[in-house]
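# Structure assessment
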Amino acid sequence: MRTGIATVCLSGTLKEKMQACAIAGFDGIEIFEQDLVTSPLTPGEVRTMAADLGLTLDLYQPFRDFDSVPEDLLAANLRRAEAKFKLMARLGMDTILVCSNVATASIDSDDLRAEQLGRLAALAEDHGVKVAYEALAWGKYVSDYEHAHRLVEAVDHPNLGTCLDSFHILSRNWDTAPIEAFSPDRIFFVQVADAPKLSLDVLSWSRHYRVFPGEGQFELAKFMGHVVRAGYSGPVSLEIFNDVFRQSDVERTAVDGMRSLIWLEEQSAKWLDANAPVLAAAGAGTVAGFAGAGRRRYPMELATLPQVAEPAGYNFAEVRAADPKGLETVLGQLGFEFNGRHRTKDVQLWTMGHARVIVNEDAPVAAGSTADAAPALTAAIGALGFDVDSPVIAAARAQQLKAPAVPRKSQANEEVFQGFAAPDSTEIFLCQGSPDGTAAWTHEFGEGLDAPAAGEGAVIDHVNLAQPWQHFDEAVLFYTSALALEPQPFAEVPSPTGLVRSQVMATADRAVRLVLNLAPLIQREGDAQPEPSGTGARRTYQEHIAFAVPDLVATARACKARGLEFLQIPANYYEDLDARFGLDPAFLATLQELNLLYDRDADGEFLHFYTATVGSVFFEMVERRGAYDGYGAPNAPVRHAVQYDLMHRLNKTT
Ligand SMILES: O=C(O)c1ccc(O)c(O)c1
Ligand SMILES: [Mg+2]
C-alpha cells in the first residue's frame, strides 16, 4: 500500500512538515495550498526538496467552488484553475483535488455540472493534469460520493476521476459497498480519516475532530476493503483536520499517522480475508481461513504484521520512587507482603495474591526527558507488565508499529522482558504469563515465593494512567494496535479543574482494563509545572493502580486496623447514595464508616475505596459483585473533588 499524508495534518512550516513525513516513512504527501502560499520556498525548491527526501508529491489541494455556477463565474473559475495547473507543472505535480461547491453554487443541474466538469477536464488535459472530484459532506448540491462519481462517469474524460474521502462518506453513513463497482481508472485518489461519533454539524466535525485511523469510531477497514476490491492501487493518504495535531510536535504526529496507516493496512487485509467475495468462496470453501488467499488477486498489495492475541492479564505494575518509604508503608497497610529485593537491581517486589507491584528505586523521570524537564516526584507509575502468548512476536509487532523499544539491563539467568515506551512514556513490558497466575521471574527476588502470599484472590483490576493532552489519541491507537486492547466508549467526568475525558481500553474478557484519563490543563499557582511539549516529562496528575479483592468490607477493616489513610468521602455522598439506591441502613453505615464508595447497575454491584496519594500515585481496592463491568463512574467526581481539596490544602501549607 502506498502511504501518504496531507500537510494540513501537521504543525510547522512546509519544510518542517515535509522533513517529518520523510522521517516517519511516508511514500508521498498532499500539498495543502495554504502551506505552499505561506512558504518562502519556490515551487521549484519544494519539488527538489521532495525528491531529495524521497517523497512523491501526490495531490495538490483544495480547489474550491468550481461547479454549479452561472457562465460568467465559470469563466473566472477556469482562469483560476489554469493558474493552478501552471503552478503544478512547476511543482512537478499532476493531480489536483476539486471539491464540490459549498459557497457559490446557484444552479442545481447535473447536466450543467457535467458540462462544467467536462470543460475543466479538457483544460486539465491541455496541462497534463488529472482532476480528482470530491463530494464534501456539506456540499451544496453534491454531498454524496456516488453522486460525484455519476458525474465523473457522465463526463467520461480520462482527466476526470473521483476522490474518495472516508470522512465525507462515513460521517454521512453512506454505504461503502458501491465503491467496489467503480472502475479503478476512475478512482484518482483515496483519503482516509477516522473520527469519534459526535452529534455535531458535519462541517465543524470535519474541520476539528478528525483523527488518525484507529483513533475514532469509523469502519475504515471495511471502507478500505471495498476500495481494494474495486482495484484501486494508488496512494492511501491521511487527511486529518485536528486542532490538537496542528499544535503538537510535528515529527511525533507524523509517526502517529504512519502507525495508523500500518495498522489500517493490516486491518484491511484482515477484513478482506474475513469477507471473501462470493466468487472466491465458491469451490474454495476449505481455503476460507487461509490468510491472504482471497487478497492477493487485487492490485493493491497489503502488508500484514506479526499477529498477537489480546494480553491474558497484568503481570506486574511498577512504581518508581527514589525514596520508597511512603510507598512501602501504604503497600504494607493495603495487605501486600514484601517479597525481597532483586538480586542485582534496586527494585523490590511486593505481592498480594496474584497482584505484583515492583517498587523501583530509580527516580521517576520519564524516558526521553531530562531531569530538569520533569519535576521530581516522590512516586509515579513507571511500567506495566502484560502477559502475552509470545513476548517475541508481540515485541516484533510493536516494533513494526514504530513503538520505541526500551532496553532493560539484565544479568545471566534473569528473565529479559521485551519492552517499549507508550506515548506517555510508561514502559510496557511483554511477559510470558503462566496459566496459574504466577510469574517465573519472582525467583530473582528470592526463593520460596511459589505459594500465593497474603491476600488470596487479589489481582490487578485496572490501571489508570493520566495522559498528556496532546498524546491522548495517539495513546488510544498505540494500545489498540500494539497491544490488541479495545477502546470502549469514552466518558467525561466533571472535576474541580475541568472535565476529565476517560477512555477505557480493555480485553474482551476484561482480564486487562487500562483507563486513560485526559486530565484538564488548568494550572494554579503552586501546582507542579505543566509538562514541556514533545516527548518525555509528564506526571503532573494523579494516577492509580486498582486491585480487586473478594471481600472489600473485610479488606477495608483489615487495612484500617493496619493504619491505612483512606480518602475521606463527604457525608453528602452517602445521603445521595441512600436517595438513589435505598440501601439497607446497616450496609450504608458500614460504607460510610469505612469511606467505601458504591455503585450498582443491571449487571451487579461495585464497592471500592481509595488511599491517600503518594507522589502522583494512589491505590484503589475494588470488589466486583455479579457481572458489574464498570468503574464506579458516578463516584469519580467525588474522588476528584476530594483529591483536589487535599492537594490545594497541601499546596497552601508548603
Ligand atoms: O474542509 C474542507 O474544506 C476540505 C477541503 C478539502 C478536502 O479534501 C476535505 O476533505 C475537506
Ligand atoms: Mg478530503
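Residues numbered from 1 in each chain as written. Chains lettered and ligands numbered in written order. Predicted model: local features only at pLDDT ≥ 70, side-chain atom pairs only at ≥ 80, totals over all residues. Heavy atoms only, no water.

### Focus on the overall build of the protein chain
Across its full length, the protein chain carries 18 helices and 24 strands. Within the span of the protein chain, comprising 654 residues, buried residues form 56% of the whole. Within the protein chain, contacts between residues at least 6 apart in sequence are counted, and of these 75% link residues at least 24 apart. If you sum the accessible surface of the protein chain, you get close to 26,200 Å²; carbon and sulfur atoms cover 52% of it. (Helix = DSSP H or I, 4+ residues; strand = E, 2+ residues; numbered from the N terminus. Buried < 20%, exposed > 50% of the residue type's maximum accessible area, 1.4 Å probe, protein only. Contact = heavy atoms within 4.5 Å. Areas by Shrake-Rupley, 256 points an atom, 1.4 Å probe, with all protein chains shown as cover.)

### Some details on the packing of helix H10 (residues 250-274) against helix H14 (residues 472-483)
The geometry of H10 relative to H14 is characterised by a closest axis approach of 10 Å and an angle of 35° between their N-to-C directions. As H10 packs across H14, the resulting crossing turns out to be left-handed. Contacts between H10 and H14 involve Arg252, Asp256, Arg259, Ser260 and Trp263 from the first element and Glu474, Leu477, Phe478, Thr480 and Ser481 from the second. Taken together, the residues that form the contact of H10 with H14 break down as three nonpolar, three polar and four charged. (Axes fitted to C-alpha atoms, helices over the stretch in contact; angles between N-to-C directions. Left-handed = near helix turned anticlockwise from the far one by under 90°. Nonpolar A, V, L, I, M, F, W, Y, C, P; charged D, E, K, R; others polar.)

### Describing the sheet that holds strand S9 (residues 313-320)
The seven strands are arranged S10-S11-S12-S9-S13-S15-S14 in an open sheet whose pairing can be described as mixed. Each end of this open sheet is capped by a strand with a single partner; those strands are strand S10 (337-341) and strand S14 (418-421). Taking each pair of neighbouring strands and ignoring which way they run, the sheet shows an average axis angle of 25°. Relative to strand S15 (residues 427-432), strand S13 (residues 380-388) runs parallel, the two sharing six bridges. Bridged to Phe386 within S15 is Leu430. Each of S9, strand S11 (347-352) and strand S12 (355-360) is contacted by helix H12 (residues 325-334), which is oriented at about 20° to S11, the strand it contacts most. Lying on the sheet, helix H13 (residues 391-400) is in contact with S13, S14 and S15; it crosses S15 at an angle near 150°. (Pairing = 2+ DSSP bridges.)

### Focus: the coordination of the magnesium ion (ligand 2)
The magnesium ion (ligand 2) binds to the protein through Glu134 (OE), Asp165 (OD), Gln191 (OE1) and Glu239 (OE); the donor distances cover 2.1 to 2.2 Å. Taken together, the six donor atoms surrounding the magnesium ion (ligand 2) define angles of 76 to 172° at the centre, an arrangement classified as octahedral. Donor residues for the magnesium ion (ligand 2) sit on one chain with the sequence pattern E-x30-D-x25-Q-x47-E. Of the two residues, Glu134 sits in strand S5 (residues 130-134) while Glu239 sits in the loop between strand S8 (236-238) and H10, which places them 105 residues apart along the sequence. Neither Glu134 nor Glu239 differs from the other in exposure class; each is buried. (Donors = N, O, S within 2.8 Å, 3.2 Å for Na, K, Ca; no water. Tetrahedral: all angles 85-135°; square planar, octahedral: opposite > 155°, others 65-115°.)

### Brief notes about the packing of helix H9 (residues 220-230) against H10
Relative orientation of the contacting elements H9 and H10 amounts to 70°, with a least axis distance of 8 Å. By the angle between their axes, H9 is roughly perpendicular relative to H10. Taken together, the residues of H10 that come into contact with H9 (itself represented by Leu220, Ala221, Lys222, Met224, Gly225, His226, Val228 and Arg229) are Leu264, Gln267, Ser268, Trp271 and Leu272. (Parallel < 35°, antiparallel > 145°, perpendicular 65-115°, else oblique.)

### Focus on the site of ligand 1
Every one of the 14 residues lining ligand 1 counts as a neighbour, but Arg64, Asp165, His168, Arg207 and Glu239 are closest to it. In the model, an oxygen atom of ligand 1 is placed 2.6 Å from a nitrogen or oxygen of the Arg64 side chain. In isolation ligand 1 has 290 Å² of accessible area, and contact with the protein removes 100% of it. In the shell around ligand 1, the residues fall into five nonpolar, three polar and six charged. (Near = heavy atom within 4 Å. Polar contact = N/O pair within 3.5 Å; in protein donor to acceptor, adjacent residues only side chain to side chain.)

### Observations regarding the pairing of strand S4 (residues 95-99)
Across the five residues of S4, five count as buried, placing the element largely inside the fold. Neither face of S4 is left uncovered, since the one carrying Thr95, Leu97 and Cys99 and the one carrying Ile96 and Val98 both have all their residues buried. In terms of strand pairing, strand S3 (residues 56-63) meets S4 through two bridges, oriented parallel. Bridge pairing in S4 links Phe63 to Val98. Assessed by its sense of winding, the connection that carries the chain from S3 through helix H4 (residues 71-91) to S4 is right-handed. The sheet contact formed by S4 and S5 spans five bridges and is parallel. Of the residues in S5, the one forming a bridge with Cys99 is Glu134. With helix H5 (residues 110-126) bridging S4 and its parallel neighbour S5, the resulting β-α-β unit is right-handed. (Right-handed = clockwise from strand over helix to strand, strands pointing away.)

### Some remarks on the confidence of the model for the protein chain
The share of residues in the protein chain with pLDDT of 70 or more is 89%, and the mean pLDDT across the chain is 90. Ranking the elements of the protein chain by mean pLDDT puts helix H11 (residues 278-281) last with 52 and S5 first with 99. Note that residues 366-375 has pLDDT below 50 and, in this model, 19 contacts with residues that lie over four places away or in other chains. Scored by ipTM, the complex comes to 0.99, with pTM at 0.91. (pLDDT = per-residue confidence, 0-100.)

### Let's talk about unusual backbone geometry
A cis amide bond links Gln61 to the next residue, Pro62, at an omega of -5°. With respect to the helices and strands, the residue Pro62 is situated in strand S3. Although it is not a glycine, Ala484 sits at a positive phi angle of roughly 60°.

### What about the domain arrangement of the protein chain?
In terms of domains, the protein chain is made up of domain 1 (2-297) and domain 2 (313-653). Residue-level contacts link 20 residues of domain 1 with 18 residues of domain 2. Carbon and sulfur atoms supply 59% of the area that domain 1 and domain 2 bury against each other, a total of about 1,700 Å² over both sides. A per-residue breakdown of the area domain 1 buries against domain 2 is headed by Arg252, Arg259 and Trp263, which together make up 41% of the total. Connecting domain 1 to domain 2 are three salt bridges. Close ionic contact of Arg259 with Glu474 constitutes a salt bridge, the shortest N to O distance being 4.0 Å. The interface formed by domain 1 and domain 2 includes seven residue pairs in polar contact (both at pLDDT 80 or more). (Domains from an automatic or database assignment. Buried area = accessible area lost by both parts, 1.4 Å probe. Salt bridge = Lys/Arg side-chain N within 4 Å of Asp/Glu carboxyl O.)

### A closer look at the side chain of Gln470
Tracing the chain through its elements places Gln470 in the loop between strand S16 (459-467) and H14. Engagement of the side chain of Gln470 in a polar contact is seen with the side chain of Trp469, the distance being 3.5 Å.

### A word on helix H1 (residues 14-24)
When H1 is considered as a whole, its buried residues turn out to be Leu14, Lys17, Met18, Ala20, Cys21 and Ala24. Projection of H1 onto a plane perpendicular to its axis shows the buried side chains occupying an angular sector of 165°, all on one side. Buried residues along H1 sit in contact with strand S1 (3-6), strand S2 (28-32), helix H2 (33-37), helix H3 (43-53) and H10. Looking one or two residues past H1, Gly25 carries a phi angle of roughly 100°, positive in sign. (Arc of directions from axis to C-beta.)

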